[in-house]
Amino acid sequence: MRKYRGVDIGRIIFACLIPILHMALPGTVTPFVQQYISRLGVPFFYAVSGMLLYSSLQKRTPVDAWKRYAIRITRLLLVWLAIYSPFIWKAGNLTLQKIIFKTPAFLWYLTGLLVASIPFCFVRNRKALYACSAILYFLGTIFGDTYRWLLGGVPWYENIFLTTRNGIFFGLPLMCAGELTWKKQKGSYPLLFISGVLLLIEITIVGIHAAPGDDRSMYLTLPFFIFYLVLAFRDWNPEIDNRDLGGISSAIYLMQFGIITVGNMALRYMNIQTSWANWGIYLLVLIIPTTLYMLIKRTKLAKILF
């Protein structure tokens, strides 16, 4: 069995929660789950990626570690962009700028990993990397969508790069937080609780002032909470067989766009207008990728797709 069984459990939990962000699901608690819990998923994945990639750097040269990592991420990105190209093309308004800086089909996370992995692997002075990452995260947060209501953003930057929710301002700092969890021997539940309370307060304050269309992914207290959250999952090491959890979580993330898109098309075709039907699509988002992965996990196709 693989190490970090608790981390793999965390990955599968957040893989199940992230699609809720992308669906119009009914229910009084849904907005709370979306803004307070589901939005932790991508930062958690970035931090775990940083932890594991730094572990790889301890065994290999920076070039070898980055090459192995970049090949895998690039393969996933190109394969799923190709799979989703008919849907992306049909949606229209597609530009090279959007593909690079705001990759469609929820695949921007992979683009962010590719970009962030370059400085992460090749900057030898780790203290300088941490300092620069902290500054970048601070600037990306206060001048991004989260605090647009307060500072108005940076229009010239957004005209070119579209968003600060990318590999430089978002992915790299959280990967550095993940690296620090690899170096730390033990977590702290009191600090996890304190950072969680501070994050909850910040999310609530931002939610009161932010416009409905603003993307609220970055918070000033988020890296601290994610750091202690990853530590908590890492320290939790239950006796379970976790060999398939990583593959299943990847399958859910990568397939969610297609299932949601086709599911919504099916509802429109059948003229089903009740929003509660979206819960059925959500269940399919969890069931179809899990089933597919388990059926093909020992084939070459699984390595290509997931």
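Residues numbered from 1 in each chain as written. Predicted model: local features only at pLDDT ≥ 70, side-chain atom pairs only at ≥ 80, totals over all residues. Heavy atoms only, no water.

### Things to note about the packing of aromatic side chains
Each aromatic ring pair is characterised by the separation of its centres together with the angle its planes make. All told, the structure shown has 25 aromatic pairs when counted by the stated rule. Seen from their ring centres, Y54 and W182 are 5.3 Å apart, and the 70° between their planes marks the pair as edge-to-face. In this pair, Y54 is assigned in helix α3 (residues 41-57) and W182 in helix α10 (residues 167-183), connecting sequence segments 128 residues apart. An aromatic cluster of three or more residues is present, and its members are F14, F44, F45, Y46, W108, Y109, F170, F233, W236 and Y253. (Phe/Tyr/Trp six-rings, centres within 6.5 Å; stacked < 30°, edge-to-face > 60°. Helix = DSSP H or I, 4+ residues; strand = E, 2+ residues; numbered from the N terminus.)

### With respect to the state of the cysteines
Tallied over the entire structure, the rule returns zero disulfides. We note that C121 lacks a disulfide partner, and the nearest cysteine sulfur, in C176, lies 11 Å from it. Given the relative accessible area of 4%, C121 is considered buried. C132 carries a free sulfur, and the closest cysteine sulfur to it, the one in C176, is 9.5 Å from it. (Disulfide = S-S within 2.5 Å. Buried < 20%, exposed > 50% of the residue type's maximum accessible area, 1.4 Å probe, protein only.)

### Quick word on the pattern of salt bridges
Applying the stated rule across the entire model yields 12 salt bridges. The closest approach of N and O atoms between E179 and R126, which form a salt bridge, is 2.5 Å. On the criterion of sequence distance, the pair formed by E179 in helix α10 and R126 in helix α7 (residues 126-142) is long-range, its members being 53 residues apart. The pair formed by E179 and R126 is uniform in burial state, with each residue classed as buried. Residues joined by salt bridges that share partners form a network here, namely D145, R148, E158 and D214. (Salt bridge = Lys/Arg side-chain N within 4 Å of Asp/Glu carboxyl O.)

### Focus on unusual backbone geometry
Non-glycine residue A105 carries a positive phi angle of around 65°. Along the chain, A105 falls in the loop between α5 (96-101) and α6 (108-122).

### A closer look at α10
The α-helix advances 3.6 residues per turn, and as a result positions three or four apart in sequence lie on the same side. Helix length check: α10 (17 residues) gives 22 Å between terminal C-alpha atoms against 24 Å at 1.5 Å per residue, within 8%. Sitting at the amino-terminal end of α10 is N166, which places a side-chain oxygen 3.1 Å from the backbone nitrogen of I168. (Expected span 1.5 Å × (residues − 1). Polar contact = N/O pair within 3.5 Å; in protein donor to acceptor, adjacent residues only side chain to side chain.)

### Re the packing of helix α4 (residues 62-91) against α6
Between α4 and α6, whose axes approach to 10 Å, the crossing angle comes to 175°. In terms of their interaxial angle, α4 and α6 are classed as roughly antiparallel. Residue-level contacts link P62, V63, W66, Y69, A70, I73, T74, L76 and L77 of α4 to L110, T111, L113, L114, S117, I118, C121 and F122 of α6. Here the contact of α4 with α6 is built from residues that sort into 14 nonpolar, three polar and no charged. (Axes fitted to C-alpha atoms, helices over the stretch in contact; angles between N-to-C directions. Parallel < 35°, antiparallel > 145°, perpendicular 65-115°, else oblique. Contact = heavy atoms within 4.5 Å. Nonpolar A, V, L, I, M, F, W, Y, C, P; charged D, E, K, R; others polar.)

### A word on the layout of surface pockets
It is the rolling of a water-molecule-sized probe over the atoms that shows where space remains empty. The space that makes up the second largest pocket amounts to roughly 800 Å³. Contributing to the lining of the second largest pocket are 35 residues, with H22, T103, P104, A105 and F106 lying nearest its centre. Considering each element in turn, the lining of the second largest pocket owes the most residues, seven residues, to helix α13 (residues 245-269). The class makeup of the residues in the lining of the second largest pocket is 17 nonpolar, 11 polar and seven charged. (1 Å grid on protein atoms, 1.4 Å probe; cavity = no way out; pocket = protein on both sides within 12 Å on 5 of 7 lines; lining within 4 Å. Points joined across faces, edges and corners; volume = space filled by probe spheres on them.)

### Some details on the side chain of Q35
Turning to its location among the elements, Q35 is positioned in helix α2 (residues 30-37). Side-chain polar atoms of Q35 contact the side chain of R39, separated by 3.0 Å. Beyond its immediate stretch of four places on either side in the chain, Q35 contacts I203, R216 and Y219.

### Here's the deal with empty space enclosed by the protein
With the rule as written, the count across this model stands at one cavity of 30 Å³ or more. Every residue lining the largest cavity is listed: Q35, Y36, R39, L40, L199, I203, S217, Y219 and L222. Taken together, the elements giving at least two residues each to the lining of the largest cavity come down to α2 and α11 (189-209). Considering only residue class, the lining of the largest cavity consists of six nonpolar, two polar and one charged.

### A short note on the packing of helix α1 (residues 5-17) against helix α12 (residues 222-235)
Between α1 and α12, the shortest axis-to-axis distance is 6 Å and the interhelical angle comes to 125°. Regarding the angle of α1 to α12, the classification is oblique. For the pair formed by α1 and α12, the contact residues are G6, V7, G10, I13 and F14 on the first element and L229, F233 and R234 on the second. For the contact of α1 with α12, a count of residues per class yields five nonpolar, two polar and one charged.

### Description of the environment of Q256
Here Q256 is to be found in helix α13. Taking relative accessible area as the criterion, Q256 reaches 0% and is therefore assigned buried. As a C-alpha pair, Q256 and I288 span 32 residues in sequence and 9.4 Å in three-dimensional space. Not counting residues within four places of it along the chain, the set of residues in contact with Q256 comprises I18, P19, H22, Y84, F106 and V285.

By themselves, these are just geometric observations and shouldn't be taken as functional.
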